[in-house]
Amino acid sequence: MILGAHCSTAGGVHRALDRAEQIGALSCQIFVKNNMQWSARKYAECEIKEFKERRAVSKCGIVFGHTGYLINLAAPASANRERSIQSLVLEVELAAQLGLPFLVLHPGAHLGGGTEAGLRQAARALDEIFAATRKLRVRIALENTAGQGTCLGHELRHLDAIYQSVQCPDRLGVCIDTAHCFAAGYDVRTEAGWDQVVAEVKTSVGLDQVLAFHLNDSKTDLGSRVDRHAGIGQGKIGRSAFAHIVNDPRFVKHPGCLETPKSADLHEDIENLAVLRSLLRHGRPSRRQVGRDRVSPKEDDRCEFT
Ligand SMILES: [Zn+2]
Ligand SMILES: [Zn+2]
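Cut-offs used in this document
Residues numbered from 1 in each chain as written. Chains lettered and ligands numbered in written order. Predicted model: local features only at pLDDT ≥ 70, side-chain atom pairs only at ≥ 80, totals over all residues. Heavy atoms only, no water. Helix = DSSP H or I, 4+ residues; strand = E, 2+ residues; numbered from the N terminus. Rg over C-alpha atoms; globule rule 2.2 N^0.38 Å. Buried < 20%, exposed > 50% of the residue type's maximum accessible area, 1.4 Å probe, protein only. Contact = heavy atoms within 4.5 Å. Areas by Shrake-Rupley, 256 points an atom, 1.4 Å probe, with all protein chains shown as cover. Lys, Arg positive; Asp, Glu negative; His and termini not counted. Charge placed at Lys NZ, Arg CZ, Asp CG, Glu CD. Axes fitted to C-alpha atoms, helices over the stretch in contact; angles between N-to-C directions. Parallel < 35°, antiparallel > 145°, perpendicular 65-115°, else oblique. Left-handed = near helix turned anticlockwise from the far one by under 90°. Nonpolar A, V, L, I, M, F, W, Y, C, P; charged D, E, K, R; others polar. Expected span 1.5 Å × (residues − 1). Salt bridge = Lys/Arg side-chain N within 4 Å of Asp/Glu carboxyl O. Pairing = 2+ DSSP bridges. Donors = N, O, S within 2.8 Å, 3.2 Å for Na, K, Ca; no water. Arc of directions from axis to C-beta.

## A look at the overall build of the chain
- If you tally the helices and strands in the chain, you get nine helices and 10 strands.
- Taken over C-alpha atoms, the radius of gyration comes to 18 Å for the chain, in line with the 19 Å a tight globule of 306 residues would show.
- Once the C-alpha set of the chain is aligned to its principal axes, its extents read approximately 50 × 50 × 35 Å.
- Residues classed as buried in the chain amount to 55% of the 306 residues present.
- A fraction of 78% describes how many contacts in the chain between residues 6 or more apart in sequence connect residues 24 or more apart.
- Counting every atom, the chain has about 12900 Å² of accessible surface; 50% of that belongs to carbon and sulfur.
- Separation of charge centres in the chain, based on 39 positive and 36 negative side chains, amounts to 4 Å.

Here it is as structure tokens:
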């Protein structure tokens, strides 16, 4: 896997690439706008230029986006679902401005409407979004979830149900989060358990649709349905599990990004990436995979990702 992390865009979207460089990430996930707001302005030409210039010299092979947390496409008809559709159309446009290949999206919560109805709502909303952005190439990578509350996506079949039901499946893909798998009851601690996840993806949407991985340990137990990320080796999944995950020969060129708790100096990202790199078995990490352990000032310690 091409190891990296979610990087903050605070101070300008190009700053995410500086942070990726700082931690030695070779892949990077960003929010294309404030992840807790519906709306945003489009990027100015100078911001796009700066991002693309930085991108051209960045060691990051892959940069992709994660959608905002307010978006819920699986809800019954409501003002918030309409807002979600508009917000995601905007995010696809912002991702296109930056030249990002895809945005990771949670399938959403059915809020009492029931699983099957929620999956239908999500698929119909995606149809609207793809129609409104038909000239853009940005794809949506549906992420599996821990299944908190009425959130869909904790069963891998949910991702497949949406994939099979949309009019433009070529605009969709999937992103697999290790902590979400574990909290949802998939025991990825063993190679057999991980293979079962991959086999289920293979026989449903197909491995060609896998666009990215989120590499997170879990503070919560197997099947807890509670989403709390931990540093690699600091949770219930454990360090050794990531050996069979990061070395999976089927995903050598896929981005695997951390979404683990960190402070402002990013030293945890540096440490977590060092742990993951130490597990890589091919024994020939490219020069690009050797991180530069530089640190800068420290601040809070909370996990802002799911
Ligand atoms: Zn994730
Ligand atoms: Zn997510």
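## Observations regarding the packing of helix α3 (residues 79-98) against helix α4 (residues 115-132)
- Two elements in contact, α3 and α4, have axes separated by 10 Å at closest approach and are oriented at 40 degrees. As far as their axial angle goes, α4 and α3 are oblique. Both α3 and α4 take part in a crossing whose hand is right-handed. Contacts from Arg-81, Ile-85, Leu-88, Val-89 and Val-92 of α3 reach α4 at Gln-121, Arg-124, Ala-125, Leu-126, Glu-128, Ile-129 and Ala-132.
- For the contact of α3 with α4, a count of residues per class yields eight nonpolar, one polar and three charged.

## Some details on α4
- Its 18 residues place the ends of α4 26 Å apart at the C-alpha level, agreeing with the 26 Å of an ideal helix rising 1.5 Å per residue.
- Within α4, the full set of buried residues consists of Gly-118, Leu-119, Ala-122, Ala-123, Ala-125, Leu-126, Asp-127, Ile-129 and Phe-130.
- Each element contacted by the buried residues of α4 is listed here: α3, β4 (102-105), β5 (139-143), α5 (156-165) and β6 (172-177).

## Considering the pattern of salt bridges
- Within this structure, the stated rule accounts for 16 salt bridges.
- Between Asp-269 and Lys-262 there is a salt bridge, with the nearest N and O atoms lying 2.6 Å from each other. Residues Asp-269 and Lys-262 agree in their burial class; the two are buried.
- The network of salt bridges with common partners includes Arg-15, Asp-18, Glu-50 and Arg-54.

## A look at the sheet that holds strand β3 (residues 62-66)
- One closed barrel accounts for eight strands, arranged β1-β2-β3-β4-β5-β6-β7-β10; its pairing is parallel. Between one strand and the next, the sheet's axes are offset by a mean angle of 30 degrees, whatever the strand orientation.
- As paired strands, β5 and β6 are joined by four bridges and run parallel to one another. The residue of β6 that forms the bridge with Ala-141 is Gly-173.
- Sheet strands touched by α4: β4, β5 and β6. Its angle to β5, the strand with the most contacts, is close to 160 degrees.
- Strands β5 and β6 of the sheet are contacted by α5, whose axis makes an angle of about 170 degrees with β6.

## Remarks on the coordination of the zinc ion (ligand 1)
- Coordination of the zinc ion (ligand 1) by the protein involves Glu-143 (OE), Asp-177 (OD), His-214 (ND1) and Glu-259 (OE), with metal-donor separations of 2.0 to 2.2 Å.
- Each donor residue of the zinc ion (ligand 1) belongs to the same chain, with the gaps between them written as E-x33-D-x36-H-x44-E.
- The distance between the zinc ion (ligand 1) and the zinc ion (ligand 2) is 3.5 Å, with Glu-143 acting as a donor to both metals. Of this pair, Asp-177 sits in strand β6 while Glu-259 sits in the loop between β10 (255-258) and α9 (267-279), and the two are 82 residues apart along the sequence.
- Judged by relative accessible area, which is 0%, Asp-177 ranks as buried.

## Section: helix α7 (residues 191-203)
- Compared with the 18 Å implied by 1.5 Å per residue over 13 residues, the 18 Å span of α7 between its first and last C-alpha is a close match.
- Among all positions of α7, only Gly-193, Trp-194, Val-197, Val-198 and Val-201 are buried. Seen along its axis, α7 keeps its buried residues to an arc of 140 degrees; they face one direction. In α7, the exposed positions that point more than 90 degrees away from the buried face belong to Ala-192, Gln-196, Lys-202 and Thr-203.
- Against α5, β6, α6 (178-183), β7 (210-214) and α8 (241-246) lie the buried residues of α7.

This is a description of form; function is not addressed.
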